[in-house]
Amino acid sequence: MSAGFANVTALLDQVSLSAWLNEAIKGATDYDVIGSVVEPFSGDWEKVSTYGSSLANMSQCLRGIAGNVRVTTTDLDFHWNGNAADAAHLYFTATSRSLTMHADALDRAAKQYQALALDVWHFHEALKGLLQSIVDQGLLFLIYAAAGTALCETVIGAVAGYALAAAELAKLLTTINKAARIVQMANMAFQTGFSTLAGILKEIEDLGPIPALGVPYDHPMVR
């Protein structure tokens, strides 16, 4: 588990030289080298998730206030009559409805932010794993190439070393191309998510402000 999500790709870190080196550096300096390289491409998913949680809490707050207003308005209607009572009933009913509509829209926005945070996290972990693979394969290429050079006096050893280096280089280029495709696919997915989120935020904007009293009510008997 990583940050509350099941991180299957973390199992591959156990056989990755770059992952072990990164953990050693992180343990000594508290600096995540690979994470810092990946973050500019993936973004900070923790902040996105935190903002989604904040919107969810705000939605619950508005929904709770709407419920209180609705219950109080219903109860007040049994004990208060007259023009002022009718005007107050209309105002509080409209306020409760507006609070509920804002809460619903914020709840949809919160879910979209949480979904976006999960997508960003998956992309972050996938790109991190690919970067580790690129480093590992690059190291193997250098090792095999160095071995071929060291064994150049023996034809068989040189051929074997350079052949392994060529094979590792081919795998390295394949991994780099795969990483590029994932970045492009993730960018398209993020753009779709942002478009959906923009529609929800526009809906919240169109709802307008929650009704407010133009002037405070001053009952003549309250002195």
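Please refer to the structure placed before this passage.
Read on for an overview of the structure.

What counts and what doesn't
Residues numbered from 1 in each chain as written. Predicted model: local features only at pLDDT ≥ 70, side-chain atom pairs only at ≥ 80, totals over all residues. Heavy atoms only, no water. Helix = DSSP H or I, 4+ residues; strand = E, 2+ residues; numbered from the N terminus. Buried < 20%, exposed > 50% of the residue type's maximum accessible area, 1.4 Å probe, protein only. Contact = heavy atoms within 4.5 Å. Areas by Shrake-Rupley, 256 points an atom, 1.4 Å probe, with all protein chains shown as cover. Expected span 1.5 Å × (residues − 1). 1 Å grid on protein atoms, 1.4 Å probe; cavity = no way out; pocket = protein on both sides within 12 Å on 5 of 7 lines; lining within 4 Å. Points joined across faces, edges and corners; volume = space filled by probe spheres on them. Nonpolar A, V, L, I, M, F, W, Y, C, P; charged D, E, K, R; others polar. Salt bridge = Lys/Arg side-chain N within 4 Å of Asp/Glu carboxyl O. Core = buried A, V, L, I, M, F, W, Y, C linked by side-chain atoms within 4.5 Å. Patch = residues over 30% accessible without salt bridge, like charges linked within 9 Å, V, L, I, M, F, W, Y side chains within 5 Å. Polar contact = N/O pair within 3.5 Å; in protein donor to acceptor, adjacent residues only side chain to side chain.

### Focus: the overall build of the protein
From N to C terminus, the protein includes five helices and zero strands. Across the protein, helices and strands are ordered from the amino to the carboxyl terminus as α-α-α-α-α. Burial status across the protein gives 28% buried among its 223 residues. Taking contacts inside the protein between residues at least 6 apart in sequence as the whole, the part at least 24 apart equals 81%. With the model as given, the accessible surface of the protein reaches about 14300 Å², and the carbon-plus-sulfur share is 66%.

### Brief notes about helix α3 (residues 45-77)
Between its first and last C-alpha atoms α3 spans 48 Å; for 33 residues at 1.5 Å apiece the expected length is 48 Å, and the two agree. Of all the positions in α3, only Trp45, Ser49, Gly52, Leu55, Ser59, Leu62, Ala66, Gly67, Val69 and Thr73 are classed as buried.

### Digging into empty space enclosed by the protein
Per the counting criterion, the structure on display carries one cavity of 30 Å³ or more. Those elements giving two or more residues to the lining of the largest cavity turn out to be α3 and α4 (83-150). Ranked by residues supplied to the lining of the largest cavity, first place goes to α4 with four residues. Its residues placed into classes, the lining of the largest cavity shows five nonpolar, two polar and one charged.

### Brief notes about the pattern of salt bridges
Under the criterion given, the structure shown has four salt bridges. Note that Asp104 and Arg63 form a salt bridge whose closest N and O atoms lie 2.8 Å from each other. Remark: Arg63 occurs in helix α3 and Asp104 occurs in helix α4; sequence separation between them is 41 residues. A residue is classified by how much of its surface remains accessible, and Asp104, at 29% relative accessible area, is partly exposed. On the basis of relative accessible area, Arg63 is assigned to the partly exposed category, the value being 36%.

### Observations concerning the nonpolar core
Proteins that are soluble and globular tend to have nonpolar side chains buried together. Core analysis: the biggest nonpolar cluster contains 14 residues, and Leu55, Leu62, Leu99, Leu106, Ala109 and Ile204 have the highest contact counts within it. Contributions of two or more residues to this core are made by α3, α4 and α5 (155-207). Top contributing element to this core by residue count: α4, with seven residues. Setting aside residues up to four positions removed in sequence, Ile204 forms contacts with His102, Ala105 and Leu106. Grouped together as the second largest cluster of nonpolar side chains are 10 residues, Trp45, Trp121, Leu130 and Phe190 included.

### Side note on a nonpolar patch on the surface
There is a patch of nonpolar side chains on the surface, built from Leu169, Leu173 and Ile176 and spanning about 240 Å² of accessible area. Within the secondary structure layout, Leu169 lies in helix α5. Leu169 sits in the partly exposed class, given a relative accessible area of 33%.

### Let's talk about the side chain of His102
One can find His102 in helix α4. With relative accessibility at 10%, the residue His102 sits in the buried group. For His102, the side chain forms a polar contact with the main-chain oxygen of Ser98, separated by 2.8 Å. With residues near it in sequence (within four places) discarded, His102 still touches Leu62, Ile204, Leu207, Gly208, Pro209 and Ile210.

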